2 protein chains.
Amino acid sequence: MTERRYDPVSGEWRTFAPQRQDRTFLPSVSSCPLCPTRDPNAPTEIPWPSFDVAVFDNRFPALTADPVDPDVAAIGPYAVEPACGATEVVVYSDDHHASLGTLGAARIRLVVDVWAERYAALSVRPDVAYVFIFENRGQEIGVTLHHPHGQIYAYPEVPPLPARELRVAREHLDRHGTCVLCDVVGAERADGARVVVRNESFLAYVPFAARFPYEVHVVAERHVTSLLDMRDSERDLLADMLERLLRSYDTLFGFPLPYVMSLHQAPADDGESLLTSHLHFEFTPIHRSASRLKYLAGSEIGAGSFLNDVPPEAAASELRAAVRRHSTSAAD
Amino acid sequence: MTERRYDPVSGEWRTFAPQRQDRTFLPSVSSCPLCPTRDPNAPTEIPWPSFDVAVFDNRFPALTADPVDPDVAAIGPYAVEPACGATEVVVYSDDHHASLGTLGAARIRLVVDVWAERYAALSVRPDVAYVFIFENRGQEIGVTLHHPHGQIYAYPEVPPLPARELRVAREHLDRHGTCVLCDVVGAERADGARVVVRNESFLAYVPFAARFPYEVHVVAERHVTSLLDMRDSERDLLADMLERLLRSYDTLFGFPLPYVMSLHQAPADDGESLLTSHLHFEFTPIHRSASRLKYLAGSEIGAGSFLNDVPPEAAASELRAAVRRHSTSAAD
């Protein structure tokens, strides 16, 4: 069984993939499926003895190009569809102990190029409506493999959160004639209180109304809809920005900070959202202090209303200090 | 600082309450603030030596009737408002080791009456748009106090998830002339494959497109918009239903199952949603097996798209068996 089911109460599609229940769970380093194949008698997912960046289909896929027919028939106002799409794994490095922030800017730039290539390739597939590039990092986030990697989900419809952003951006455009994220970037840059780090093309800031205590958005200052809109120099600056942000995250509390990284870009089709899609990364760590987590509970899961215990201005100030600390120690 | 900030990118309000960062965190039984005051020299939150059910304002409130002015001014497309509303605590019992499911039907019925009374009292306040009754249960959910209790948040606007349900129900009503949840209840009852337990007034089922593996919705079979629409006999039947479901949850894996319970009712105002508000409880446990949790990660937090590893029909079958197991052992 692998299928998509539509819930008419929330208006959302959900994906069912029970075979994932038995997926590899926190294997030891010696049996890591994302390490290179060093011993031909013990092959991993990656057949080479070393590599820079590797991309392949998830071995426990939730969405596939050639899905089986659904197990059940729709009843009443529900609907069912085959689980079309793709779920890919992007392995950042052959070093089991590396992380996106420690790869160095050149390798991060290669990861950016891989993301762009996969976004382009998946976006043209007729069964794909939205390409979502993300990373789950850390056991507290529910990661089942420690080897540094991200994922790409190609959904058959625009998923709820990007769909909501596009609708809200359309309303803003109709009312004000501007892209809402362009306006947000302008306001955050001018105010400065929540800016974490900035370079010639990107601004990293704790949003004025952040959901998570140490949430940071990395936004292109120019209105680009996807990685494909970016010049080479901008991709370099994106790699620089990601490296600086991620190193400051790991400096913040002195341990590798668990987070979800989400990249929002234009839907697959789509001339319609050129003015309302503005590429941005959302980093959402779940710590609210060095020893406490921010849990999603009743208010968030049941009402969708986020409660945040850390003022965004204070979080940004701590993160700026972490950026400076890292830069100083790197210069020593 | 306590304030509400509007995020123009998602179209959502968020609540900031940094004083909650220092709230009581997993105190020992002897210093539990929700136990009755047994020693006048060591008063708890509840001044009586024993009680049935107690309701009072959260000592670390996120929303209040008389909020301070916001700390910051709005910039750009953001907005700021005082944190109007209410955050109340409903203590289910003076027994530190009880739980909603073990109180017995008569006491659960009293909790239902308390919910109804607080829903009525908060709904008429001019600063309240939506009254949200919920419970976070279990340390895995992030509970900071073990004593059995639920909470009530009275928000100054209809929060995102109920707002979305109302919009989707309105579209369904306009298209089909029916309440979508009435249609869902009819379809689930007729199909039966996902029904967990049923009595004369309520149906408990794993939704056809559930987000969480052991998610169960408890829905009034009659179209009632809130607890205030219910007759006495229906409130009794609701207490019966909650008891049977919660006992089966605790029988499922043989330990008290952590969950979020969310009660969706009509917004506070509001003649407008009489046809689109249909009272329902959403129980969302986070276990995907006895030893594994379902984490909200990239697909859920970044895209809003839920991935579920357990077929709803299989989960319902396990829960029905747990209902039977509990009934048998209770009859022994």
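What counts and what doesn't
Residues numbered from 1 in each chain as written. Chains lettered and ligands numbered in written order. Predicted model: local features only at pLDDT ≥ 70, side-chain atom pairs only at ≥ 80, totals over all residues. Helix = DSSP H or I, 4+ residues; strand = E, 2+ residues; numbered from the N terminus. Rg over C-alpha atoms; globule rule 2.2 N^0.38 Å. Buried ≥ 20, exposed ≤ 12 C-beta atoms within 10 Å, placed from the backbone. Contact = placed C-beta atoms within 7 Å. Expected span 1.5 Å × (residues − 1). Arc of directions from axis to C-beta. Least-squares fit on C-alpha atoms with pLDDT ≥ 70 in both. Domains from an automatic or database assignment. Nonpolar A, V, L, I, M, F, W, Y, C, P; charged D, E, K, R; others polar. Pairing = 2+ DSSP bridges. Axes fitted to C-alpha atoms, helices over the stretch in contact; angles between N-to-C directions. Core = buried A, V, L, I, M, F, W, Y, C linked by C-beta atoms within 7 Å. Left-handed = near helix turned anticlockwise from the far one by under 90°. pLDDT = per-residue confidence, 0-100.

Student: Could you give an account of the overall build of chain A, naming the residues involved and the relevant values?
Tutor: Along the backbone of chain A there are 6 helices and 13 strands. Its C-alpha atoms give chain A a radius of gyration of 20 Å, within 12% of the compact-globule value 20 Å for 332 residues. With respect to the three principal axes, the spread of C-alpha positions in chain A is 55 × 55 × 40 Å. By residue count, 50% of the 332 residues in chain A fall in the buried class. In chain A, once contacts between residues fewer than 6 apart in sequence are set aside, the share between residues at least 24 apart is 67%.

Student: Summarise helix α2 (residues 160-176) of chain A; cite the residues concerned and give the values.
Tutor: Along its 17 residues, α2 of chain A runs 24 Å from first to last C-alpha, staying within 8% of the 24 Å computed at 1.5 Å per residue. Among the residues making up α2 of chain A, those that are buried are Leu 161, Pro 162, Glu 165, Leu 166, Ala 169 and His 172 of chain A. Burial along α2 of chain A is one-sided: seen end-on, the buried residues are contained in an arc of 135 degrees. In α2 of chain A, the exposed residues that point more than 90 degrees away from the buried face are Asp 174 and Arg 175 of chain A. Tucked into the core, α2 of chain A has its buried residues touching β6 (130-137), α3 (180-191) and β11 (259-264) of chain A together with α5 (298-303) of chain B. Positive backbone phi, at 75 degrees, marks Gly 177 of chain A, one or two positions downstream of α2 of chain A.

Student: How would you explain the relation of the copies chain B and chain A if you had to name every residue and give the values?
Tutor: Take chain B, turn it by 180 degrees, move it 0.0 Å along the axis, and it overlays chain A with an RMSD of 0.0 Å. The relationship between the two copies is best expressed as a two-fold rotation axis. Taking C-alpha positions as reference, the residue of chain B nearest the rotation axis is Leu 296 of chain B, located at 4.2 Å. Looking at the interface residues of chain B, 100% of them are also at the interface in chain A, so both copies use one shared face.

Student: So what's going on with the domain arrangement of chain A? Residues and values would help.
Tutor: Residues and elements named next belong to chain A. Each assigned domain of chain A is listed here: domain 1 (1-22 + 63-84) and domain 2 (24-59 + 85-331). Just the C-alpha atoms count here: the centres of domain 1 and domain 2 sit 27 Å apart. Looking at the side of domain 1 that touches domain 2 residue by residue, the classes come out as 5 nonpolar, 1 polar and 2 charged.

Student: Can you tell me about the interface of chain B and chain A, naming the residues and giving the values?
Tutor: Counting from both sides, the interface comprises 70 residues of chain B and, opposite them, 70 residues of chain A. Residue classes in the side of chain B that touches chain A are distributed as 39 nonpolar, 18 polar and 13 charged. Judged from the 2 bridges that link them, strand β13 (residues 307-308) of chain A and strand β2 (residues 12-16) of chain B form a sheet pairing that is parallel. Bridging across to β2 of chain B, Asn 308 of chain A finds its partner in Phe 16 of chain B.

Student: Please provide a residue-by-residue account of the sheet that holds strand β9 (residues 202-205) of chain B, values included.
Tutor: Residues and elements named next belong to chain B. Read from one edge of the open sheet, 9 strands run β3-β5-β7-β6-β11-β12-β10-β9-β8, paired in antiparallel fashion. Only two strands of the sheet have a single partner each, and these edge strands are β3 (54-57) and β8 (195-198). Pairwise comparison of adjacent strand axes, ignoring direction, gives a mean angle of 20 degrees for this sheet. Note that β8 and β9 share 3 bridges and pair antiparallel. In the sheet register, Arg 198 faces β9, and the bridge partner there is Leu 203. Seen against the sheet, helix α1 (residues 105-123) touches β3, β5 (86-91), β6 (130-137) and β7 (149-155) and runs at an angle of roughly 145 degrees to β6.

Student: Pulling in residues and values, what's your account of the sheet that holds strand β4 (residues 79-82) of chain B?
Tutor: The strand order β13(A)-β2(B)-β1(B)-β4(B) describes an open sheet built from 4 strands, whose pairing is mixed. The sheet is open, and its two borders are formed by β13 of chain A together with β4 of chain B, each paired with just one other strand.

Student: Run through the nonpolar core, naming residues and quoting values.
Tutor: Among the nonpolar cores identified, the biggest contains 181 residues, and Leu 245 of chain A together with Leu 245 of chain B are the most heavily contacted of them. Ignoring any residue separated from it by four or fewer positions in sequence, one finds Leu 245 of chain A in contact with Val 196, Val 197, Ala 204, Val 216, Val 218 and Phe 283 of chain A.

Student: I'd like to hear about helix α4 (residues 232-252) of chain A, residue by residue, with values.
Tutor: Counted at 1.5 Å a residue, the expected span for α4 of chain A with its 21 residues is 30 Å, and the 30 Å between its end C-alpha atoms agrees. Taken from the residues just after α4 of chain A, Gly 254 of chain A is the one with a positive phi, measuring 80 degrees.

Student: Run through the packing of α1 of chain B against helix α4 (residues 232-252) of chain B, naming residues and quoting values.
Tutor: Residue and element names in this part refer to chain B. The interhelical angle for the contact between α1 and α4, taken along N-to-C directions, is 120 degrees, at an axis separation of 8 Å. Classified by chirality, the crossing of α4 by α1 is right-handed. The residues of α4 that touch α1, namely those facing Ala 105, Ile 108, Arg 109, Val 112 and Asp 113, are Arg 235, Asp 236, Leu 238, Ala 239, Asp 240, Leu 242 and Glu 243. Its residues assigned to classes, the contact of α1 with α4 comprises 6 nonpolar, no polar and 6 charged.

Student: Explain the pairing of strand β1 (residues 3-7) of chain A to me, using residue names and the numbers behind them.
Tutor: Residue and element names in this part refer to chain A. Within β1, 4 of the 5 residues are buried, which leaves the element mostly enclosed by the surrounding structure. Direction of pairing for β1 relative to strand β4 (residues 79-82): antiparallel, over a ladder of 4 bridges. Opposite Tyr 6, over in β4, you have Ala 79 as the bridge partner. Pairing between β1 and strand β2 (residues 12-16): 5 bridges, direction antiparallel. In the strand pairing of β2, Arg 4 is matched with Thr 15.

Student: Tell me about the confidence of the model for chain A, and name the residues and values.
Tutor: For chain A, the mean per-residue pLDDT works out to 93, and 98% of the residues sit at or above 70. Overall fold confidence for the complex sits at a pTM of 0.95, while the interface term, ipTM, reaches 0.93.

Student: How would you summarise the environment of Asp 127 of chain A if you had to cite specific residues and measurements?
Tutor: Residues and elements named next belong to chain A. The residue Asp 127 is located in the loop between α1 (105-123) and β6 in this model. It is 10.0 Å that separates the C-alpha atoms of Asp 127 and Ala 83, two residues lying 44 residues apart in sequence. Once you skip the residues sitting within four places of it in the chain, Asp 127 turns out to touch Ala 65, Cys 84, Gly 85 and Pro 156.

Student: Describe the environment of Met 241 of chain B, with residues and values.
Tutor: Residues and elements named next belong to chain B. Positionally, Met 241 belongs in helix α4. Residue class for Met 241 comes out buried when judged on the 25 C-beta atoms lying within 10 Å of it. Along the chain, Met 241 and Ala 105 lie 136 residues apart, while their C-alpha atoms are 9.0 Å from each other. Every residue in contact with Met 241, bar those within four places of it in the chain, is listed here: Val 197, Asn 199, Phe 202, Ala 204 and Val 218.

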